Every structure is written in structure tokens, then in C-alpha cells.
Amino acid sequence: MADRTPAEQALARSYTTGDGSTRFAVTELSVEHRPGGAVVLAYRLTVERAGREDERWAVTLPWEDSSFADVLASPAPDPERLQQLVHLVHALLEEWWDTKGNNRQSAKMGHRLP
């Protein structure tokens, strides 16, 4: 198994939303590189919220934006661009979390684990 790039390492870190209400505890991340710079980010995570039972989920985020292909593949990406990528992916995860109950496309991206 190849070593993870700095971008993959950064995307695999757990984080808490800006308002502090939700923590996405990443237990696994796989990155499938596709032709043309697209990737598929497959997460296994535990969503933690105060006063609620933790939920385990598997979520697949297709990433078609090839403008970050260099950041994903680089052994030393530009720190500012890396932070932009992480911010965008976190925003996608949060959008999936907030819309999965109301949006069929979002719902198809993930499923709850036992």
C-alpha cells in the first residue's frame, strides 16, 4: 500500500464543524483516483453530536473538480491550496449531513452502518 499524500492525510483527519455542534470522526478514508484528475473519496465516519447517540456512516463523495488534482497528488502541496481543498471537502460532508434526509441525491451518497 502506498503512503498517503499530505492531502489524503489532511482529508482523513477528524474535525468539528465551525459552530461546534457536530464532530465528524473519520475512521477510514480511501481515495480512488480516476482519469482526468477526478477522485472518489470514500469515508467511514462516526458523527457525534451532544445529547444524541453517535451514528456511524459510510459516505462516498465524488470529486470531479480536476483543478485540485495537483494538490491531491503532490508530496508537498501549496499549504493555502491544501487548506482550500480540505475546507471544500468538509463543506461537502456537512452539506451531505444536513441534506441527506431531504435530498435523494445526497441520500444516495451515504448509508448508516450498524
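Residues numbered from 1 in each chain as written. Predicted model: local features only at pLDDT ≥ 70, side-chain atom pairs only at ≥ 80, totals over all residues. Heavy atoms only, no water.

Asker: What is the right way to look at the pairing of strand β4 (residues 55-63) in this model?
Answerer: Of the pairings in the sheet, the one linking strand β3 (residues 39-49) to β4 comprises nine bridges and is antiparallel in character. Bridging from a neighbouring strand, Leu-41 pairs with Leu-61 of β4. If you look at the hairpin formed by β3 and β4, you'll find five residues sitting between the two strands, and Gly-51 has a positive phi there, around 75 degrees. Judged from the four bridges that link them, β4 and strand β5 (residues 110-113) form a sheet pairing that is antiparallel. Looking at β5, one finds that Val-59 is bridged to Gly-110. (Pairing = 2+ DSSP bridges. Helix = DSSP H or I, 4+ residues; strand = E, 2+ residues; numbered from the N terminus.)

Asker: Help me out: how do you make sense of the nonpolar core in this one?
Answerer: For soluble globular proteins, the rule of thumb is that nonpolar side chains tend to be buried together. Counting 27 residues, the largest nonpolar core has Leu-11, Leu-41, Tyr-43, Leu-85 and Val-89 as the members making the most contacts within it. Counting residues per element, this core draws most heavily on helix α3 (residues 79-99), at seven residues. When sequence neighbours within four positions are dropped, the list of residues in contact with Leu-11 reads Leu-29, Leu-41, Tyr-43, Leu-72, Leu-85, Val-86 and Val-89. (Core = buried A, V, L, I, M, F, W, Y, C linked by side-chain atoms within 4.5 Å. Buried < 20%, exposed > 50% of the residue type's maximum accessible area, 1.4 Å probe, protein only. Contact = heavy atoms within 4.5 Å.)

Asker: Just checking my understanding: could you explain the pattern of salt bridges for this structure?
Answerer: Two side chains that carry opposite charge are able to pair once their charged atoms sit near each other. Scanning the entire structure with this criterion turns up five salt bridges. In this structure, the salt-bridge partner of Arg-112 is Glu-55, at a minimum N-O distance of 3.9 Å. Linking Arg-112 in strand β5 with Glu-55 in strand β4, this pair joins segments that are 57 residues apart in sequence. By relative accessible area, Glu-55 is classed as buried at 11%. For the salt bridge of Asp-70 with Arg-81, the shortest nitrogen-to-oxygen distance reads 2.7 Å. With a gap of eleven residues between them, Asp-70 in helix α2 (residues 69-73) and Arg-81 in helix α3 connect regions that are remote in the sequence. (Salt bridge = Lys/Arg side-chain N within 4 Å of Asp/Glu carboxyl O.)

Asker: I keep staring at the side chain of Ser-74 and nothing clicks. Help me out?
Answerer: Within the secondary structure, Ser-74 sits in the loop between α2 and α3. On the accessibility criterion, Ser-74 (18% relative accessible area) is buried. There is a polar contact of 2.9 Å between the side chain of Ser-74 and the backbone nitrogen of Ala-76. In contact with Ser-74, not counting residues within four places along its chain, are Thr-5 and Pro-6. (Polar contact = N/O pair within 3.5 Å; in protein donor to acceptor, adjacent residues only side chain to side chain.)

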